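Descriptive analysis of the structure
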Amino acid sequence: GFELTPTLLVGESYDDNYRGLDQDERASWITSIEPSLLLSAETRNAGYQLRYTVSSDIYHDDSDATNTDHILGLKSIMELSSRHRVGWNLGYSRIENTINDDRTVPDDGGVEELLNRRFENERFDRAVAGANYTFGARTALNQLEFGAEYQRLRYRDDFNEDQDRDTVTLGTT
């Protein structure tokens, strides 16, 4: 059968320089709200999980810094025998970070221009697909794991388009 697990995380924090600036520190109380749903299923030799999370940070003194992230992930592990296991994962995230974009600071470093500038959050989409294979019994002294992952990162703003990238990672443990 399936098991549905809802969670809700709520937090309150204070950040006295959330833009990370030297000359113009920005401070605000931040309310974090993160509801999540986890749908899971297990069979004798396999487990599956589907998770959806919405993470929102509300900046009380700066509505431009307020942001919401959407994260969707699907993963599975299958035990083919006592010595062979295969796992895979798929994920998609729509992220917005509160950051300082130094590229918009005036060349002369004028404090007046810095105080009047409008900050924009960094927005990007990330897609991930990965798989791994493990050889060795769980109780064995040695195990080998081989994995591969593909990640696609695409920015949704004009400032960071040059940072779009596709990444392939291969690893072994």
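Going by the structure above, here's the rest.
Since the model is a prediction, treat every value here as computed from it, not as a measurement. (Residues numbered from 1 in each chain as written. Predicted model: local features only at pLDDT ≥ 70, side-chain atom pairs only at ≥ 80, totals over all residues. Heavy atoms only, no water.)

**What about the side chain of S40?**
Within the secondary structure, S40 is located in strand 2 (residues 28–42). The residues contacting S40, other than those within four sequence positions of it, are G1, F2, E3, Y48 and Q49. (Helix = DSSP H or I, 4+ residues; strand = E, 2+ residues; numbered from the N terminus. Contact = heavy atoms within 4.5 Å.)

**Regarding the packing of aromatic side chains**
This model, assessed by the stated rule, comprises 2 aromatic pairs. Note on F124 and Y155: the rings are 5.5 Å apart at their centroids and 50° apart in plane angle, and the pair reads as tilted. Of this pair, F124 sits in strand 6 (residues 122–135) while Y155 sits in strand 7 (residues 144–155), and the two are 31 residues apart along the sequence. The class for Y155 is buried, based on a relative accessible area of 11%. (Phe/Tyr/Trp six-rings, centres within 6.5 Å; stacked < 30°, edge-to-face > 60°. Buried < 20%, exposed > 50% of the residue type's maximum accessible area, 1.4 Å probe, protein only.)

**Examining the environment of E42**
With respect to the helices and strands, the residue E42 is situated in strand 2. Given a relative accessible area of 68%, E42 falls into the exposed group. For the pair formed by E42 and S76, sequence separation is 34 residues and the distance between their alpha carbons is 9.6 Å.

**Examining the pairing of strand 2**
As defined by bridge partners, strand 1 (residues 2–15) adjoins strand 2 across 14 bridges and the pair is classed as antiparallel. In the strand pairing of strand 2, F2 is matched with A41. As judged from the 11 bridges shared by strand 2 and strand 3 (residues 46–59), these two strands associate in the antiparallel manner. Within strand 3, the residue paired with I33 across the bridge is S56. (Pairing = 2+ DSSP bridges.)

**Some thoughts on a nonpolar patch on the surface**
A cluster of nonpolar side chains, contributed by F2, L4, L37, L39, L50, Y52, L72, L74, L90 and Y92, occupies part of the molecular surface with about 930 Å² of accessible area. Listing elements by their share of the nonpolar patch, those giving two or more residues are strand 1, strand 2, strand 3, strand 4 (67–79) and strand 5 (84–97). Counting through the fold element by element, L50 comes out in strand 3. (Patch = residues over 30% accessible without salt bridge, like charges linked within 9 Å, V, L, I, M, F, W, Y side chains within 5 Å. Areas by Shrake-Rupley, 256 points an atom, 1.4 Å probe, with all protein chains shown as cover. Salt bridge = Lys/Arg side-chain N within 4 Å of Asp/Glu carboxyl O.)

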